[in-house]
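For reference, the chains in residue letters:
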Amino acid sequence: MAMTGVLRPGHVALRVLDIKAALHHYKDVLGLNEVCRDDQGRVFLKAWDEADHHSVVLKECDTAGMEYMGWRVDSDATLKNFAKDIKASGLATDLKWIPAGEHPGTGERFRFTIPTGHVMELYAHKDVTGCGTGYTNPDPWPEGMHGMAPSRFDHCLLYGDDLDGTVKLFTEVLGFKLAEELVGGPGGKQRNAAFMTCSNKPHDVAFIRHTEKNKFHHCSFFLNSWEEVLKAADLISKHKVALDIGPTRHGITRGETIYFFDPSGNRNEVFAGGYIYYPDKPTITWTEDHVGPAIFYHTRELNERFLTVVT
Amino acid sequence: MRSRCAALCSNRSEAVSARIDIVDDAVHFDCPEGVDVLHSMIALGRRGIPVGCRGGGCGVCKVRVLGGAYRTDRMSRARITEEEEKQGFALACKLYARGDLKLQVVGKMARAFAPCKETMHCTGAPHAPPGSTSWRR
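Residues numbered from 1 in each chain as written. Chains lettered and ligands numbered in written order. Predicted model: local features only at pLDDT ≥ 70, side-chain atom pairs only at ≥ 80, totals over all residues. Heavy atoms only, no water.

Caption draft 1: Spatial organisation of the side chain of serine 264 of chain A. When you line up the elements, serine 264 of chain A lands in the loop between strand 15 (255-261) and strand 16 (267-273). Here serine 264 of chain A falls in the buried class, since its relative accessible area comes to 1%. Polar side-chain contacts of serine 264 of chain A include one of 2.8 Å to the backbone nitrogen of leucine 17 of chain A. What serine 264 of chain A contacts, discounting residues up to four positions off in sequence, is Val16, Leu17, Asp18 and Ala64 of chain A together with Gly55, Gly56 and Gly57 of chain B. (Helix = DSSP H or I, 4+ residues; strand = E, 2+ residues; numbered from the N terminus. Buried < 20%, exposed > 50% of the residue type's maximum accessible area, 1.4 Å probe, protein only. Polar contact = N/O pair within 3.5 Å; in protein donor to acceptor, adjacent residues only side chain to side chain. Contact = heavy atoms within 4.5 Å.)

What follows is the structure, given as C-alpha coordinates:
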(Lines give C-alpha, C1' and ligand atoms only; values in the text may rest on other atoms or scores of the structure.)
Protein backbone atom coordinates (compact mmCIF):
# COMPACT_ATOMS: atom_id res chain seq x y z
CA MET A 1 0.00 0.00 0.00
CA ALA A 2 1.44 3.31 -1.04
CA MET A 3 -0.39 5.54 1.41
CA THR A 4 1.14 5.25 4.86
CA GLY A 5 1.75 7.34 7.95
CA VAL A 6 -0.97 9.99 8.30
CA LEU A 7 -3.96 8.74 6.29
CA ARG A 8 -6.54 11.52 6.45
CA PRO A 9 -8.17 14.29 8.45
CA GLY A 10 -10.24 12.30 10.95
CA HIS A 11 -12.11 14.91 12.92
CA VAL A 12 -12.54 18.61 13.60
CA ALA A 13 -13.79 19.87 16.96
CA LEU A 14 -15.58 23.21 16.81
CA ARG A 15 -16.65 25.61 19.54
CA VAL A 16 -20.17 26.97 19.06
CA LEU A 17 -22.05 29.65 20.98
CA ASP A 18 -25.45 27.91 20.85
CA ILE A 19 -25.54 24.14 20.47
CA LYS A 20 -29.21 24.05 19.43
CA ALA A 21 -28.66 26.51 16.57
CA ALA A 22 -25.44 24.70 15.62
CA LEU A 23 -27.20 21.34 15.43
CA HIS A 24 -29.93 22.75 13.17
CA HIS A 25 -27.18 24.09 10.90
CA TYR A 26 -24.88 21.07 10.82
CA LYS A 27 -27.65 18.46 10.67
CA ASP A 28 -30.59 20.02 8.79
CA VAL A 29 -28.79 22.46 6.48
CA LEU A 30 -25.32 20.96 5.95
CA GLY A 31 -26.73 17.46 6.26
CA LEU A 32 -24.45 15.62 8.67
CA ASN A 33 -25.84 12.78 10.76
CA GLU A 34 -25.73 12.86 14.56
CA VAL A 35 -23.89 9.85 15.98
CA CYS A 36 -24.05 10.43 19.74
CA ARG A 37 -23.71 12.90 22.61
CA ASP A 38 -21.53 12.62 25.71
CA ASP A 39 -21.77 13.78 29.32
CA GLN A 40 -19.70 16.89 28.53
CA GLY A 41 -22.47 18.04 26.20
CA ARG A 42 -20.40 17.34 23.11
CA VAL A 43 -22.25 16.19 20.00
CA PHE A 44 -20.53 13.84 17.53
CA LEU A 45 -21.55 13.79 13.86
CA LYS A 46 -20.43 12.32 10.56
CA ALA A 47 -21.11 12.56 6.82
CA TRP A 48 -22.97 9.81 4.98
CA ASP A 49 -20.02 8.14 3.24
CA GLU A 50 -17.64 8.06 6.21
CA ALA A 51 -16.85 4.67 7.73
CA ASP A 52 -15.40 5.82 11.05
CA HIS A 53 -17.42 6.62 14.17
CA HIS A 54 -17.47 10.43 13.81
CA SER A 55 -15.74 13.30 12.01
CA VAL A 56 -17.22 16.47 13.52
CA VAL A 57 -17.41 17.35 17.22
CA LEU A 58 -19.48 20.32 18.40
CA LYS A 59 -19.24 21.80 21.88
CA GLU A 60 -21.01 24.84 23.29
CA CYS A 61 -18.51 27.41 24.58
CA ASP A 62 -18.30 31.15 25.14
CA THR A 63 -16.06 31.58 22.09
CA ALA A 64 -16.27 30.35 18.50
CA GLY A 65 -13.44 28.69 16.56
CA MET A 66 -11.61 25.40 16.23
CA GLU A 67 -10.70 23.50 19.38
CA TYR A 68 -8.55 20.88 17.61
CA MET A 69 -8.21 18.80 14.47
CA GLY A 70 -7.53 15.04 14.50
CA TRP A 71 -5.63 12.87 12.03
CA ARG A 72 -5.98 9.13 11.48
CA VAL A 73 -2.61 7.34 11.19
CA ASP A 74 -2.12 3.84 9.81
CA SER A 75 -1.15 1.91 12.96
CA ASP A 76 -0.33 2.02 16.66
CA ALA A 77 3.37 1.68 15.82
CA THR A 78 3.16 4.71 13.52
CA LEU A 79 1.35 6.66 16.25
CA LYS A 80 4.14 5.91 18.76
CA ASN A 81 6.82 6.80 16.21
CA PHE A 82 5.16 10.09 15.29
CA ALA A 83 4.86 10.99 19.01
CA LYS A 84 8.60 10.37 19.39
CA ASP A 85 9.49 12.27 16.20
CA ILE A 86 7.27 15.25 17.05
CA LYS A 87 8.90 15.51 20.47
CA ALA A 88 12.39 15.21 18.98
CA SER A 89 11.68 17.89 16.35
CA GLY A 90 11.18 20.56 19.01
CA LEU A 91 8.58 22.13 16.71
CA ALA A 92 5.49 21.37 18.79
CA THR A 93 4.48 22.30 22.35
CA ASP A 94 2.00 21.02 24.98
CA LEU A 95 2.51 17.39 23.98
CA LYS A 96 0.18 14.97 25.73
CA TRP A 97 -1.65 11.68 25.42
CA ILE A 98 -5.44 11.72 25.59
CA PRO A 99 -6.68 8.34 26.89
CA ALA A 100 -8.67 5.94 24.72
CA GLY A 101 -12.42 6.48 25.05
CA GLU A 102 -12.21 10.22 25.75
CA HIS A 103 -13.80 10.52 22.32
CA PRO A 104 -16.39 7.75 22.01
CA GLY A 105 -15.24 4.90 19.79
CA THR A 106 -11.72 6.30 19.58
CA GLY A 107 -8.35 5.01 20.72
CA GLU A 108 -5.69 7.06 22.49
CA ARG A 109 -4.78 10.34 20.83
CA PHE A 110 -1.43 12.14 20.82
CA ARG A 111 -2.12 15.86 21.11
CA PHE A 112 0.28 18.72 20.35
CA THR A 113 0.27 22.42 19.50
CA ILE A 114 1.87 23.38 16.19
CA PRO A 115 3.91 26.57 15.53
CA THR A 116 0.85 28.47 14.20
CA GLY A 117 -0.87 27.81 17.56
CA HIS A 118 -3.40 25.19 16.43
CA VAL A 119 -4.00 22.03 18.44
CA MET A 120 -3.59 18.84 16.40
CA GLU A 121 -3.93 15.22 17.40
CA LEU A 122 -3.05 11.86 15.90
CA TYR A 123 -4.84 8.58 16.56
CA ALA A 124 -4.63 5.07 15.15
CA HIS A 125 -8.05 3.71 16.04
CA LYS A 126 -11.63 4.79 15.60
CA ASP A 127 -14.52 2.29 15.53
CA VAL A 128 -15.63 1.49 11.99
CA THR A 129 -19.36 1.93 12.29
CA GLY A 130 -19.90 2.01 8.53
CA CYS A 131 -21.25 4.40 5.94
CA GLY A 132 -24.81 5.03 4.78
CA THR A 133 -24.75 2.47 1.97
CA GLY A 134 -22.92 -0.41 3.63
CA TYR A 135 -20.13 -2.38 1.96
CA THR A 136 -21.90 -5.34 0.35
CA ASN A 137 -23.45 -4.60 -3.05
CA PRO A 138 -23.89 -0.95 -2.08
CA ASP A 139 -26.12 1.57 -3.83
CA PRO A 140 -24.32 4.74 -4.96
CA TRP A 141 -26.03 6.84 -2.29
CA PRO A 142 -28.25 6.13 0.70
CA GLU A 143 -31.95 6.89 1.20
CA GLY A 144 -32.89 9.73 3.53
CA MET A 145 -30.18 12.21 2.58
CA HIS A 146 -31.01 15.75 3.67
CA GLY A 147 -29.50 19.21 3.31
CA MET A 148 -26.32 19.60 1.28
CA ALA A 149 -25.39 16.02 2.18
CA PRO A 150 -21.61 16.08 1.68
CA SER A 151 -19.96 12.67 1.53
CA ARG A 152 -17.09 13.51 3.87
CA PHE A 153 -15.29 16.05 6.05
CA ASP A 154 -12.43 17.00 3.75
CA HIS A 155 -9.98 19.59 5.14
CA CYS A 156 -9.45 22.75 7.20
CA LEU A 157 -7.88 26.10 6.33
CA LEU A 158 -6.17 27.69 9.32
CA TYR A 159 -4.52 31.07 9.99
CA GLY A 160 -1.45 31.57 12.16
CA ASP A 161 1.84 33.37 12.57
CA ASP A 162 4.70 30.84 12.27
CA LEU A 163 3.74 29.41 8.90
CA ASP A 164 7.29 28.25 8.18
CA GLY A 165 7.45 26.24 11.43
CA THR A 166 4.09 24.59 10.77
CA VAL A 167 5.03 23.69 7.18
CA LYS A 168 8.31 22.22 8.44
CA LEU A 169 6.47 20.10 11.00
CA PHE A 170 3.89 18.81 8.51
CA THR A 171 6.34 18.13 5.66
CA GLU A 172 9.49 17.01 7.50
CA VAL A 173 8.00 15.21 10.50
CA LEU A 174 4.48 14.12 9.48
CA GLY A 175 5.30 13.29 5.83
CA PHE A 176 2.90 15.74 4.13
CA LYS A 177 3.64 17.13 0.66
CA LEU A 178 3.30 20.75 -0.42
CA ALA A 179 0.76 20.62 -3.26
CA GLU A 180 0.39 24.37 -3.76
CA GLU A 181 1.82 27.56 -2.30
CA LEU A 182 1.30 31.30 -2.56
CA VAL A 183 4.47 33.38 -2.38
CA GLY A 184 5.14 37.10 -2.03
CA GLY A 185 7.45 39.67 -0.53
CA PRO A 186 10.79 40.80 -1.95
CA GLY A 187 11.76 38.43 -4.76
CA GLY A 188 8.72 36.30 -4.02
CA LYS A 189 10.74 34.56 -1.32
CA GLN A 190 8.17 34.56 1.47
CA ARG A 191 5.64 31.74 1.51
CA ASN A 192 2.30 33.22 2.58
CA ALA A 193 0.05 30.18 2.07
CA ALA A 194 0.71 26.45 2.06
CA PHE A 195 -1.73 23.78 0.82
CA MET A 196 -0.51 20.41 2.10
CA THR A 197 -1.63 16.86 1.45
CA CYS A 198 -1.05 13.48 3.06
CA SER A 199 -3.14 11.68 0.42
CA ASN A 200 -4.32 11.88 -3.20
CA LYS A 201 -6.29 15.08 -2.52
CA PRO A 202 -5.03 18.56 -3.51
CA HIS A 203 -5.08 19.48 0.18
CA ASP A 204 -5.84 17.88 3.52
CA VAL A 205 -4.94 21.04 5.43
CA ALA A 206 -3.91 24.56 4.46
CA PHE A 207 -2.32 27.42 6.40
CA ILE A 208 -2.18 31.16 5.79
CA ARG A 209 0.38 33.49 7.36
CA HIS A 210 -1.44 35.81 9.74
CA THR A 211 -0.53 38.07 12.67
CA GLU A 212 -2.45 36.10 15.31
CA LYS A 213 -2.00 32.49 16.39
CA ASN A 214 -4.63 29.75 16.28
CA LYS A 215 -7.28 31.23 14.00
CA PHE A 216 -9.86 29.19 12.11
CA HIS A 217 -10.79 30.12 8.54
CA HIS A 218 -12.99 27.17 7.55
CA CYS A 219 -13.69 23.48 7.64
CA SER A 220 -14.71 21.93 4.35
CA PHE A 221 -16.99 19.13 3.21
CA PHE A 222 -16.94 17.33 -0.14
CA LEU A 223 -19.75 17.31 -2.70
CA ASN A 224 -19.82 15.28 -5.89
CA SER A 225 -20.54 17.93 -8.50
CA TRP A 226 -20.93 21.59 -9.43
CA GLU A 227 -24.69 20.89 -9.54
CA GLU A 228 -24.56 19.94 -5.86
CA VAL A 229 -22.63 23.16 -5.10
CA LEU A 230 -25.48 25.13 -6.77
CA LYS A 231 -28.05 23.19 -4.74
CA ALA A 232 -26.06 24.06 -1.62
CA ALA A 233 -26.38 27.73 -2.63
CA ASP A 234 -30.17 27.29 -2.86
CA LEU A 235 -30.23 25.73 0.61
CA ILE A 236 -28.16 28.64 2.00
CA SER A 237 -30.86 31.07 0.81
CA LYS A 238 -33.76 28.80 1.77
CA HIS A 239 -32.48 28.49 5.35
CA LYS A 240 -31.27 32.13 5.57
CA VAL A 241 -27.70 31.01 6.29
CA ALA A 242 -25.07 33.80 6.29
CA LEU A 243 -23.40 33.52 2.88
CA ASP A 244 -19.74 34.39 2.60
CA ILE A 245 -18.94 33.97 -1.11
CA GLY A 246 -19.77 31.74 -4.06
CA PRO A 247 -20.68 29.66 -5.94
CA THR A 248 -17.34 30.13 -7.70
CA ARG A 249 -14.08 28.38 -8.47
CA HIS A 250 -10.66 28.60 -6.85
CA GLY A 251 -7.51 28.77 -8.98
CA ILE A 252 -5.72 27.08 -6.08
CA THR A 253 -6.79 23.39 -6.03
CA ARG A 254 -9.33 24.07 -8.90
CA GLY A 255 -12.15 23.51 -6.40
CA GLU A 256 -15.75 24.49 -7.28
CA THR A 257 -16.93 26.07 -4.09
CA ILE A 258 -19.29 28.02 -1.85
CA TYR A 259 -18.56 29.45 1.61
CA PHE A 260 -20.99 30.26 4.40
CA PHE A 261 -21.03 30.72 8.18
CA ASP A 262 -22.49 28.54 10.89
CA PRO A 263 -24.69 30.34 13.48
CA SER A 264 -21.60 31.02 15.66
CA GLY A 265 -19.59 32.55 12.82
CA ASN A 266 -17.40 29.56 12.03
CA ARG A 267 -16.93 29.42 8.26
CA ASN A 268 -17.88 26.27 6.36
CA GLU A 269 -17.14 25.32 2.76
CA VAL A 270 -18.76 22.74 0.53
CA PHE A 271 -16.90 22.05 -2.68
CA ALA A 272 -16.50 19.69 -5.62
CA GLY A 273 -13.75 19.03 -8.12
CA GLY A 274 -10.02 19.38 -7.62
CA TYR A 275 -7.53 16.88 -8.96
CA ILE A 276 -5.69 13.70 -8.04
CA TYR A 277 -2.42 14.39 -6.26
CA TYR A 278 0.51 11.95 -6.39
CA PRO A 279 3.57 12.45 -4.18
CA ASP A 280 5.80 13.14 -7.19
CA LYS A 281 3.60 15.94 -8.56
CA PRO A 282 5.54 19.22 -8.70
CA THR A 283 4.42 21.92 -6.26
CA ILE A 284 2.16 24.54 -7.87
CA THR A 285 3.30 28.09 -7.07
CA TRP A 286 1.06 31.16 -7.23
CA THR A 287 2.83 34.50 -7.38
CA GLU A 288 1.80 37.75 -5.71
CA ASP A 289 0.62 39.33 -8.99
CA HIS A 290 -1.82 36.43 -9.54
CA VAL A 291 -3.33 36.25 -6.07
CA GLY A 292 -6.76 37.33 -7.42
CA PRO A 293 -7.35 34.38 -9.78
CA ALA A 294 -5.49 32.08 -7.35
CA ILE A 295 -8.22 32.64 -4.80
CA PHE A 296 -11.31 33.35 -6.95
CA TYR A 297 -10.63 32.32 -10.51
CA HIS A 298 -13.71 33.95 -12.08
CA THR A 299 -13.89 37.40 -10.47
CA ARG A 300 -10.09 37.62 -9.99
CA GLU A 301 -10.88 40.13 -7.24
CA LEU A 302 -9.80 40.02 -3.62
CA ASN A 303 -12.54 39.86 -1.05
CA GLU A 304 -11.66 41.28 2.35
CA ARG A 305 -14.32 39.38 4.26
CA PHE A 306 -13.20 36.06 2.81
CA LEU A 307 -9.54 36.86 3.40
CA THR A 308 -9.68 38.34 6.87
CA VAL A 309 -12.76 37.19 8.84
CA VAL A 310 -11.77 34.32 11.14
CA THR A 311 -12.85 32.81 14.46
CA MET B 1 -61.75 35.69 4.83
CA ARG B 2 -58.89 37.90 5.85
CA SER B 3 -56.22 37.85 3.19
CA ARG B 4 -52.63 36.86 3.91
CA CYS B 5 -51.59 40.32 2.72
CA ALA B 6 -53.88 42.03 5.21
CA ALA B 7 -52.50 39.89 7.99
CA LEU B 8 -48.93 40.73 7.04
CA CYS B 9 -49.68 44.44 6.73
CA SER B 10 -51.45 44.40 10.06
CA ASN B 11 -48.49 42.65 11.68
CA ARG B 12 -46.14 45.15 10.16
CA SER B 13 -48.05 48.12 11.52
CA GLU B 14 -48.01 46.57 15.00
CA ALA B 15 -44.25 45.83 14.91
CA VAL B 16 -42.22 48.36 16.85
CA SER B 17 -39.36 49.88 14.95
CA ALA B 18 -36.41 51.51 16.65
CA ARG B 19 -34.31 54.19 14.99
CA ILE B 20 -30.62 53.30 14.85
CA ASP B 21 -28.23 56.24 14.55
CA ILE B 22 -24.61 55.61 13.73
CA VAL B 23 -22.85 58.68 15.04
CA ASP B 24 -19.78 59.93 13.15
CA ASP B 25 -21.16 58.49 9.89
CA ALA B 26 -24.56 60.27 9.91
CA VAL B 27 -26.16 56.95 8.92
CA HIS B 28 -29.53 55.99 10.35
CA PHE B 29 -32.06 53.25 9.67
CA ASP B 30 -35.10 51.60 11.22
CA CYS B 31 -34.71 48.32 13.07
CA PRO B 32 -37.84 46.19 13.59
CA GLU B 33 -38.30 44.51 16.96
CA GLY B 34 -36.77 41.05 17.05
CA VAL B 35 -34.35 41.72 14.19
CA ASP B 36 -30.67 42.30 15.00
CA VAL B 37 -29.19 45.70 14.18
CA LEU B 38 -26.73 44.37 11.57
CA HIS B 39 -29.42 42.40 9.73
CA SER B 40 -31.67 45.47 9.65
CA MET B 41 -28.87 47.54 8.17
CA ILE B 42 -28.14 44.92 5.49
CA ALA B 43 -31.84 44.41 4.65
CA LEU B 44 -32.27 48.16 4.03
CA GLY B 45 -29.14 48.38 1.89
CA ARG B 46 -27.46 50.72 4.40
CA ARG B 47 -23.75 50.72 5.17
CA GLY B 48 -21.69 51.82 8.11
CA ILE B 49 -21.08 48.70 10.21
CA PRO B 50 -18.65 46.15 8.71
CA VAL B 51 -20.34 42.81 7.90
CA GLY B 52 -18.43 39.65 8.81
CA CYS B 53 -19.67 36.26 10.00
CA ARG B 54 -23.06 37.52 11.31
CA GLY B 55 -22.90 34.89 14.06
CA GLY B 56 -21.19 36.64 16.99
CA GLY B 57 -17.86 34.95 16.33
CA CYS B 58 -15.57 37.18 14.26
CA GLY B 59 -15.98 40.58 15.89
CA VAL B 60 -15.81 42.86 12.85
CA CYS B 61 -19.27 44.35 13.52
CA LYS B 62 -18.27 45.55 17.00
CA VAL B 63 -20.07 48.72 18.11
CA ARG B 64 -20.40 50.77 21.28
CA VAL B 65 -23.90 51.71 22.31
CA LEU B 66 -23.76 55.37 23.38
CA GLY B 67 -27.44 55.60 24.27
CA GLY B 68 -30.65 53.58 24.34
CA ALA B 69 -32.01 50.31 25.71
CA TYR B 70 -31.04 46.98 24.17
CA ARG B 71 -30.36 43.31 24.73
CA THR B 72 -27.77 41.01 23.22
CA ASP B 73 -27.56 37.33 22.39
CA ARG B 74 -24.40 35.38 23.18
CA MET B 75 -21.27 36.91 21.65
CA SER B 76 -17.80 35.36 21.53
CA ARG B 77 -15.88 36.29 24.69
CA ALA B 78 -12.79 36.46 22.48
CA ARG B 79 -14.41 39.51 20.84
CA ILE B 80 -16.43 41.15 23.67
CA THR B 81 -15.01 40.76 27.17
CA GLU B 82 -17.27 40.96 30.23
CA GLU B 83 -15.81 44.38 31.04
CA GLU B 84 -16.49 45.62 27.49
CA GLU B 85 -20.03 44.30 27.67
CA LYS B 86 -20.59 46.37 30.85
CA GLN B 87 -19.21 49.44 29.04
CA GLY B 88 -21.79 49.08 26.23
CA PHE B 89 -19.70 47.29 23.62
CA ALA B 90 -21.58 44.73 21.54
CA LEU B 91 -21.52 42.91 18.22
CA ALA B 92 -24.21 44.42 15.97
CA CYS B 93 -25.19 40.95 14.69
CA LYS B 94 -26.27 40.01 18.23
CA LEU B 95 -27.65 43.40 19.24
CA TYR B 96 -31.43 43.90 19.56
CA ALA B 97 -32.87 47.39 20.13
CA ARG B 98 -35.46 48.00 22.84
CA GLY B 99 -35.81 51.60 21.75
CA ASP B 100 -33.86 54.11 19.66
CA LEU B 101 -30.10 53.52 19.76
CA LYS B 102 -27.06 55.69 19.18
CA LEU B 103 -24.05 53.61 18.06
CA GLN B 104 -20.39 54.18 17.45
CA VAL B 105 -18.69 51.76 15.05
CA VAL B 106 -15.63 50.18 16.67
CA GLY B 107 -14.93 47.08 14.56
CA LYS B 108 -13.10 47.12 11.29
CA MET B 109 -12.70 44.71 8.45
CA ALA B 110 -8.98 43.99 8.61
CA ARG B 111 -6.99 44.89 5.53
CA ALA B 112 -6.03 41.76 3.70
CA PHE B 113 -2.69 43.07 2.59
CA ALA B 114 -1.62 45.50 5.27
CA PRO B 115 2.14 45.94 5.51
CA CYS B 116 3.85 44.02 8.33
CA LYS B 117 4.68 47.08 10.41
CA GLU B 118 1.10 48.30 10.44
CA THR B 119 -0.43 44.95 11.30
CA MET B 120 2.03 44.40 14.13
CA HIS B 121 1.05 47.80 15.50
CA CYS B 122 -2.68 47.10 15.13
CA THR B 123 -2.51 43.76 16.93
CA GLY B 124 -1.40 45.43 20.14
CA ALA B 125 -3.82 48.34 20.01
CA PRO B 126 -6.91 48.52 22.22
CA HIS B 127 -10.04 47.41 20.34
CA ALA B 128 -7.81 46.44 17.45
CA PRO B 129 -9.48 44.84 14.46
CA PRO B 130 -8.95 41.12 14.03
CA GLY B 131 -5.36 40.60 12.88
CA SER B 132 -4.30 41.06 9.34
CA THR B 133 -3.37 38.33 7.00
CA SER B 134 -0.60 37.97 4.49
CA TRP B 135 -2.04 36.36 1.42
CA ARG B 136 0.09 39.02 -0.17
CA ARG B 137 2.45 41.41 1.51
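Caption draft 2: Main features of the sheet that holds strand 3 (residues 43-46) of chain A. All names here are of chain A. Strands sit in the order 2-3-4-1-5-8-7-6 across an open sheet of 8 strands; the sheet is mixed. Only two strands of the sheet have a single neighbouring strand rather than two, namely strand 2 (33-37) and strand 6 (93-98). Neighbour-to-neighbour, the strand axes of the sheet open up by a mean angle of 25°, direction not taken into account. One ladder, built from 3 bridges, connects strand 3 with strand 4 (residues 56-60); its direction is antiparallel. By the bridge assignment for strand 4, valine 43 is matched with leucine 58. Contacts between helix 2 (residues 76-89) and the sheet are confined to strand 1 (6-16), strand 5 (65-73), strand 6, strand 7 (109-113) and strand 8 (119-123), with strand 6 contributing the most and set at about 160° to the helix. (Pairing = 2+ DSSP bridges. Axes fitted to C-alpha atoms, helices over the stretch in contact; angles between N-to-C directions.)

Caption draft 3: Looking closely at helix 3 (residues 163-173) of chain A. Residues and elements named next belong to chain A. When helix 3 is considered as a whole, its buried residues turn out to be Leu163, Gly165, Thr166, Val167, Leu169, Phe170 and Val173. On its buried face, helix 3 is in contact with strand 5, helix 2, strand 7, strand 8, strand 11 (190-197) and strand 12 (205-209). Of the residues one or two after helix 3, glycine 175 is the one with positive phi, at around 80°.

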